[in-house]
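# Structural features, examined
Residue strings, one per chain:
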Amino acid sequence: MKTVLCIEDDRFIGEMYVRSLKREGYEVDWVVNGGDGLAAVESKKYDFILIDIMLPNKRGDELVRILRGGEEDKVPNSKVLVLTNYQQDAQSRLQTEDKVDAYLIKADITPKKLLQVMAKLGGEKKN
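Anyway, here's the lowdown on the structure attached to this text. In this text, all values refer to a predicted model and were calculated from it rather than measured experimentally.

With that settled, the discussion passes to the overall build of the chain. Helix and strand counts for the chain stand at five helices and five strands. Viewed in the frame of its principal axes, the chain has a C-alpha envelope of about 40 × 30 × 25 Å. Across the 127 residues in the chain, those meeting the buried criterion constitute 47%. Considering only residue pairs separated by 6 or more positions, the chain has 60% of its internal contacts joining residues 24 or more positions apart. Split by element, the accessible area of the chain, about 6900 Å² in all, is 46% carbon and sulfur. A gap of 5 Å separates the mean positions of the 21 positive and 22 negative side-chain charges of the chain.

Okay, the packing of helix 2 (residues 34-43) against helix 3 (residues 60-68) next. It is the contact of helix 2 with helix 3, at a shortest axis distance of 10 Å, that shows an interaxial angle of 20°. In terms of orientation, helix 2 and helix 3 fall into the roughly parallel class. Helix 2 and helix 3 meet at a crossing whose hand is right-handed. Where helix 2 abuts helix 3, its residues G34, L38 and V41 lie against L63, I66 and L67. Across the contact of helix 2 with helix 3, the residue classes break down as five nonpolar, one polar and no charged.

Attention now moves to the nonpolar core. Membership of the largest hydrophobic core comes to 20 residues, with the highest contact counts inside it found for L5, I7, I49, I51 and L67. Counting residues per element, the ones that place at least two in this core are strand 1 (3-7), helix 2, strand 3 (48-51), helix 3, strand 4 (79-84) and strand 5 (102-105). The residues touching I51, leaving out its near neighbours within four places in the chain, are I7, G60, L63, V64, L67, V80, L81, V82 and L83. C6, L50, I109 and L114 belong to the second-largest nonpolar core, a separate cluster that totals 19 residues.

Quick look at unusual backbone geometry now. In the Ramachandran plot, N57 falls in the positive-phi region, its phi being about 80° despite a non-glycine side chain. You can see N57 is positioned in the loop between strand 3 and helix 3. A relative accessible area of 62% places N57 in the exposed class.

Moving on, we come to the pattern of salt bridges. Inspection of every chain in the model, using the stated rule, returns nine salt bridges. Note that D29 and K44 form a salt bridge whose closest N and O atoms lie 3.0 Å from each other. Remark: K44 occurs in the loop between helix 2 and strand 3 and D29 occurs in strand 2 (residues 27-31); sequence separation between them is 15 residues. For R93, the salt bridge identified is with E97, shortest N-O distance 2.7 Å. With R93 and E97 both in helix 4 (residues 90-97) and four residues apart, this pair spans about one turn of that helix.

Rules of the game
Residues numbered from 1 in each chain as written. Predicted model: local features only at pLDDT ≥ 70, side-chain atom pairs only at ≥ 80, totals over all residues. Heavy atoms only, no water. Helix = DSSP H or I, 4+ residues; strand = E, 2+ residues; numbered from the N terminus. Buried < 20%, exposed > 50% of the residue type's maximum accessible area, 1.4 Å probe, protein only. Contact = heavy atoms within 4.5 Å. Areas by Shrake-Rupley, 256 points an atom, 1.4 Å probe, with all protein chains shown as cover. Lys, Arg positive; Asp, Glu negative; His and termini not counted. Charge placed at Lys NZ, Arg CZ, Asp CG, Glu CD. Axes fitted to C-alpha atoms, helices over the stretch in contact; angles between N-to-C directions. Parallel < 35°, antiparallel > 145°, perpendicular 65-115°, else oblique. Left-handed = near helix turned anticlockwise from the far one by under 90°. Nonpolar A, V, L, I, M, F, W, Y, C, P; charged D, E, K, R; others polar. Core = buried A, V, L, I, M, F, W, Y, C linked by side-chain atoms within 4.5 Å. Salt bridge = Lys/Arg side-chain N within 4 Å of Asp/Glu carboxyl O.

Here is the structure:
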């Protein structure tokens, strides 16, 4: 079974992603701040890590730099997807996009589209 970590502080959006992913057969962990997200990644391997940019405690772009910005990729077997409505400046967005497998705008993405993106990235569920 494919595993997903959802790091999302908006309850409505988080519940929507979790419900949709579980219905499709994914095992999902959900945390609501960046610090807990980092702790989760350090304690368990995930196939997918979904990260919001605007998070309490530790912002999503900071998490991306920690996970993928150093000399070594801390999550080499994970697909990292940023899902945000936050308008980053062009340079910051490009720096983040270069480190992740997908950069998605929440206003444009439905759970169905998210599942399609994950499938393209190699996330066909394995039951």
